[in-house]
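For reference, the chains in residue letters:
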Amino acid sequence: MSDTAIHAQGVRKSFGSVQALDGVSLDAPRGKVFGLLGPNGAGKTTLVRILTTLLVPDEGEATVLGHDVRTDREALRPRIGLAGQYAAVDENLTGRENLVMVGRLYHLGRREARRRADEVLARFQLEDAAGRTAKTYSGGMRRRLDLAASLVGRPEVLFLDEPTTGLDPRSRRDMWALIKELVSGGATLLLTTQYLEEADVLADRIAVVDHGRVIAEGTSDELKARLARDYVEVGVERPDDLGRAVDALEDVGGEAQVEREALRVSLPAPNGARTLLEAVRRLDAADVGLVDVGLRRPSLDEVFLALTGHEAREDQREDQDGGQDGGQDPGGERNAAHRDVGEGEAERAEVTA
Amino acid sequence: MTDATRGPGRSAPRGAAAPGLVARLGHNVTDTVVMAQRNLLRYVRLPRLLMFSSIQPIMFVVLFAYVFGGAIRTPGVNYIDYLIPGILIQTVLFGATQTTTGLADDLSKGIVDRFRSLPMARSAVLAGRTLADGLLRNLFTVGLMLAVGAIIGFRFQGSVWQALASIGVVAFFGYAFSWISALIGLLTRDPETAQVAGFIWVFPLVFASSAFVPVQTMPHWLRAFAKVQPISVTVNGVRYLTSGGAAPGVAPADVWQALLWGAAILLVFVPLAVLQYRRAV
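What you see is a predicted model, and the numbers here were worked out from it, not measured in a lab.

## Observations concerning the overall build of chain A
Part 1 of the reasoning: Scanning chain A from N- to C-terminus turns up 13 helices and 14 strands.
Part 2 of the reasoning: Looking at chain A as a whole, 48% of its 353 residues qualify as buried.
Part 3 of the reasoning: Put simply, 69% of the contacts in chain A that link residues at least 6 apart link residues at least 24 apart.

## Considering the overall build of chain B
Part 1 of the reasoning: From N to C terminus, chain B includes twelve helices and zero strands.
Part 2 of the reasoning: Shown N-terminal to C-terminal, the secondary structure of chain B runs as helices and strands in the order α-α-α-α-α-α-α-α-α-α-α-α.
Part 3 of the reasoning: Taking the principal axes of its C-alpha atoms as reference, chain B extends roughly 75 × 35 × 35 Å.
Part 4 of the reasoning: The burial tally for chain B puts 46% of its 281 residues in the buried class.
Part 5 of the reasoning: Of the contacts formed within chain B by residues at least 6 apart in sequence, a portion of 82% connects residues at least 24 apart.

## Digging into the nonpolar core
Part 1 of the reasoning: The biggest cluster of nonpolar side chains holds 151 residues, and the ones touching the most others in it are Leu51 and Ala148 of chain A together with Ile89 of chain B.
Part 2 of the reasoning: The dominant element in this core, judged by the number of residues it contributes, is helix α7 (residues 160-188) of chain B, at 13 residues.
Part 3 of the reasoning: If you look at the next biggest cluster of nonpolar residues, it comprises 19 residues, including Val234, Ala256, Leu263 and Leu267 of chain A.

## Points about the packing of helix α6 (residues 123-151) of chain B against helix α12 (residues 252-279) of chain B
Residue and element names in this part refer to chain B.
Part 1 of the reasoning: At a closest axis distance of 9 Å, the pairing of α6 and α12 adopts a crossing angle of 130°. One element, α6, and the other, α12, form an angle in the oblique class. Note that α6 runs across α12; the crossing there is right-handed. Residues Ser123, Val125 and Leu126 of α6 lie in contact with α12, whose contacting residues are Ala273, Val274 and Tyr277.

## Digging into the packing of α7 of chain B against helix α8 (residues 191-200) of chain B
All names here are of chain B.
Part 1 of the reasoning: Running from N to C, α7 and α8 cross one another at 145°; their axes reach a closest spacing of 9 Å. Along this stretch, α7 crosses α8, giving a crossing that reads as right-handed. For the pair α7 and α8, the contacting residues are Ser181, Ile184, Gly185 and Thr188 in the first and Thr193, Ala194, Ala197 and Gly198 in the second.
Part 2 of the reasoning: Here the contact of α7 with α8 is built from residues that sort into three nonpolar, five polar and no charged.

## Let's talk about the confidence of the model for chain B
Part 1 of the reasoning: Averaged over all residues, the pLDDT of chain B is 86; the fraction at 70 or higher stands at 93%.
Part 2 of the reasoning: Predicted as a complex, the structure gets a pTM of 0.74 and an ipTM equal to 0.81.

## Things to note about the interface of chain B and chain A
Part 1 of the reasoning: Taken together, the 32 residues of chain B in the interface contact 42 residues of chain A.
Part 2 of the reasoning: Listed by contribution, the elements that provide at least two residues to the side of chain B that touches chain A are α1 (21-45) and α5 (111-117) of chain B.
Part 3 of the reasoning: Broken down by element, the side of chain B that touches chain A gets its largest block of residues, eight residues, from α1 of chain B.
Part 4 of the reasoning: Among the residues forming the side of chain B that touches chain A, the class breakdown is twelve nonpolar, nine polar and eleven charged.

## Quick word on the sheet that holds strand β10 (residues 213-218) of chain A
Residues and elements named next belong to chain A.
Part 1 of the reasoning: The strand order across the open sheet built from six strands is β6-β7-β8-β3-β9-β10, with neighbouring strands paired in mixed fashion. This sheet does not close on itself; its edge strands, each paired only once, are β6 (80-83) and β10. Adjacent strand axes in the sheet meet at a mean angle of 15°, parallel and antiparallel pairs treated alike.
Part 2 of the reasoning: Looking at chain direction, β6 and strand β7 (residues 157-161) are connected through four bridges and run parallel. The partner of Ala83 across the bridge, within β7, is Leu160.
Part 3 of the reasoning: In this fold helix α5 (residues 139-151) packs onto β6 and β7, with an angle of close to 170° to the strand it touches most, β6.

## Looking at the sheet that holds strand β14 (residues 290-296) of chain A
Residues and elements named next belong to chain A.
Part 1 of the reasoning: The strand order β12-β13-β11-β14 describes an open sheet built from four strands, whose pairing is antiparallel. Taken across any chain shown, the strands that pair with only one partner, and hence form the sheet edges, are β12 (257-259) and β14. Strand-to-strand, the axes of this sheet are offset by a mean angle of 15°, without reference to chain direction.
Part 2 of the reasoning: Pairing of strand β11 (residues 231-236) with β14 involves six bridges; the strand directions are antiparallel. Pairing of Gly235 across the sheet is with Asp292, part of β14.
Part 3 of the reasoning: Set on the sheet, helix α10 (residues 273-285) makes contact with β11 and β14; between it and β11 the angle comes to about 25°.

## So, the confidence of the model for chain A
Part 1 of the reasoning: Residues of chain A with pLDDT of at least 70 account for 83%, and the chain-wide mean is 80.
Part 2 of the reasoning: The low-confidence segment residues 313-353 of chain A, where pLDDT is below 50, has 45 contacts with residues more than four positions distant or belonging to other chains.

## Here we look at the pairing of strand β9 (residues 205-210) of chain A
Regular strands place side chains that alternate from one sheet face to the opposite one.
Residue and element names in this part refer to chain A.
Part 1 of the reasoning: Of all the six residues making up β9, six are buried; the element is thus mostly covered by neighbouring parts of the structure.
Part 2 of the reasoning: Of the pairings in the sheet, the one linking strand β3 (residues 33-37) to β9 comprises four bridges and is parallel in character. When the sheet's bridge partners are listed, Gly35 is paired in β9 with Ile206.
Part 3 of the reasoning: Both β9 and β10 contribute to a ladder of five bridges, which runs antiparallel. Across the sheet, the residue bridging to Ala207 is Glu217, located in β10.

## Thoughts on α10 of chain A
Residues and elements named next belong to chain A.
Part 1 of the reasoning: For α10, with 13 residues, the first-to-last C-alpha span of 18 Å sits near the 18 Å given by 1.5 Å per residue.
Part 2 of the reasoning: Within the sequence span of α10, burial applies to Thr275, Leu276, Ala279 and Leu283. Down the axis, α10 shows its buried residues gathered within 100° of arc, on one side only. Residues of α10 that are exposed and point more than 90 degrees away from the buried face comprise Ala273, Arg274, Arg281, Asp284 and Ala285.
Part 3 of the reasoning: Where the residues of α10 are buried, they touch β11, α9 (239-248) and β14.

## Structural notes on helix α2 (residues 47-68) of chain B
Residues three or four positions apart in an α-helix share a direction because the helix packs 3.6 residues into each turn.
Residue and element names in this part refer to chain B.
Part 1 of the reasoning: The terminal C-alpha atoms of α2, which comprises 22 residues, lie 31 Å apart, in line with the 32 Å expected from a rise of 1.5 Å per residue.
Part 2 of the reasoning: Taken together, the buried positions of α2 are occupied by Pro57, Phe60, Val61, Phe64 and Ala65. Summarising the axial view, the buried residues of α2 lie within an arc of 115°, below the 170-degree limit, and thus occupy one face. Pointing more than 90 degrees away from the buried face of α2 are the exposed residues Pro47, Arg48, Met51, Phe52, Ile55, Met59, Leu63, Tyr66 and Val67.
Part 3 of the reasoning: Elements that come into contact with the buried residues of α2 comprise α3 (79-95) and α6.

## Examining the environment of Glu112 of chain A
Part 1 of the reasoning: Checked against the element boundaries, Glu112 of chain A lands in helix α4 (residues 110-123).
Part 2 of the reasoning: The class of Glu112 of chain A is partly exposed, set by 15 C-beta atoms lying within 10 Å.

## Regarding the environment of Phe212 of chain B
Residue and element names in this part refer to chain B.
Part 1 of the reasoning: Tracing the chain through its elements places Phe212 in the loop between α9 (202-207) and α10 (220-228).
Part 2 of the reasoning: Between the C-alpha atom of Phe212 and that of Asp254, which follows or precedes it by 42 residues, the distance is 17 Å.
Part 3 of the reasoning: Setting aside its immediate chain neighbours within four residues, Phe212 contacts Phe64, Leu83 and Gly86.

Definitions and limits used
- Residues numbered from 1 in each chain as written.
- Chains lettered and ligands numbered in written order.
- Predicted model: local features only at pLDDT ≥ 70, side-chain atom pairs only at ≥ 80, totals over all residues.
- Helix = DSSP H or I, 4+ residues; strand = E, 2+ residues; numbered from the N terminus.
- Buried ≥ 20, exposed ≤ 12 C-beta atoms within 10 Å, placed from the backbone.
- Contact = placed C-beta atoms within 7 Å.
- Core = buried A, V, L, I, M, F, W, Y, C linked by C-beta atoms within 7 Å.
- Axes fitted to C-alpha atoms, helices over the stretch in contact; angles between N-to-C directions.
- Parallel < 35°, antiparallel > 145°, perpendicular 65-115°, else oblique.
- Left-handed = near helix turned anticlockwise from the far one by under 90°.
- Nonpolar A, V, L, I, M, F, W, Y, C, P; charged D, E, K, R; others polar.
- pLDDT = per-residue confidence, 0-100.
- Pairing = 2+ DSSP bridges.
- Expected span 1.5 Å × (residues − 1).
- Arc of directions from axis to C-beta.

Laid out in structure tokens, this is it:
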């Protein structure tokens, strides 16, 4: 058998006028964790639903463990597990009843279903709560139960759709530990997330998805190395300083980006501190009123921003778009987005070449 | 560490050959039973749901018997004997709305996604739901209604077989109807809408029928509808059986027609519901 567990080529799917997936191609190797990273609405869930036979793609081909997700569903379903975005457990059943039910639906015998239920309960530290209805569980416990349910059938490929969205930081870290443990057992795992940190911690390979397309793919180190650039950030006193600052900074580093409301100009600094020094000299010479000048290292969020042109998490993006105090110039942001998406694509071509 | 706790990916490859027909049929039955169990457990875990869904028909019995009963003339039969068959059908129809809300609830919560990703029969989600709600739960409430009816004077007037057959007709019709409710639940998808949508269309059907009053007193245009619509036919069929043929305006043909209606509903709505379930994402 091939080393590829999940293969997608040119997968498209639209819902009415919304193009959810616009030609997604990816290959996830066996026994590894493949991270699908992107904001809400990027098409991650649609892709997971296609790969788990819940949705039929409009175009393109997709196979999981060599089974075509369109034509070979019956053979594929026993071999995969899915834990969706919402904890898909029956609230009125106890934890154990939920797991036994899933086991029975994998067509395990009654006894075997019970045995496996007890095993996963122990492993997910849900033994004490096993006799309580899932309704009484905390959010973190429900997710654990949901994940446990996806393992009852001992799937060869496991799909986790945003396994930690909505969890508090501690539950999230617990979940990470569990997922890492699963992976050490040799599972193939496809994980979607909107948290960069999560993809960074868990995934061997990451595909960044935005607007239904894979815009970058590689290991987390590769992605960071390709995009991590220092920035010089300049805060000016008055709006009319902005233009002069931009003029003064021409040719110093990369193309300057202006955040009008925040009275800020930032530009890539290919030479780090030397670019900063040069920038300060020029700004001083041009007599620009300065509030702040500094060299900034990009965070993971900025890597994402550079790739997609917007923030990783929808809530942040909404804050910035909606609230004036977010301080971003929407027009400027959009322009930057176009440029950076272009770069992302170019870099992707580089990697695949 | 046992095999199962080692994680996915370690299991032996499953048989690539598709299971045989017999095995598949066996699986279908298991899947349906497992789903029915799941839905019945809901009533065990939510005793209040069962309690309140029982109080409502009891209220109807009492209100109709004592408030309207005195004013409604049913020649040849006591009003309470006239009423109970109508109440039984009304109970299973109103109860069917729980199939609607239950399915819509499942769809809105994502558990259906889990079911659909499992190697189970797709029809089992619906078959299990209708078996639990539309048949078993209905039999329970029908028993309850008969008990309440007995307390306030209802008596079977025919043979034991006719009495049992009347319960059979009610159960069959209720089961058939639960497939219509299932379809509505799948179409509405959210529990609040389903609550309303599952109910409104049942009201005129039940009240513009022979369930509570003889249709002769209705205006001409309404009578034309009320006489032939399935609820009237079924109520008349049940009434024929419970009264041993003594009730006014009933005939043995009503029993057969009731069964035909039930069969026709199943024939149309089972495929529609299954189709909609496959389509519902």
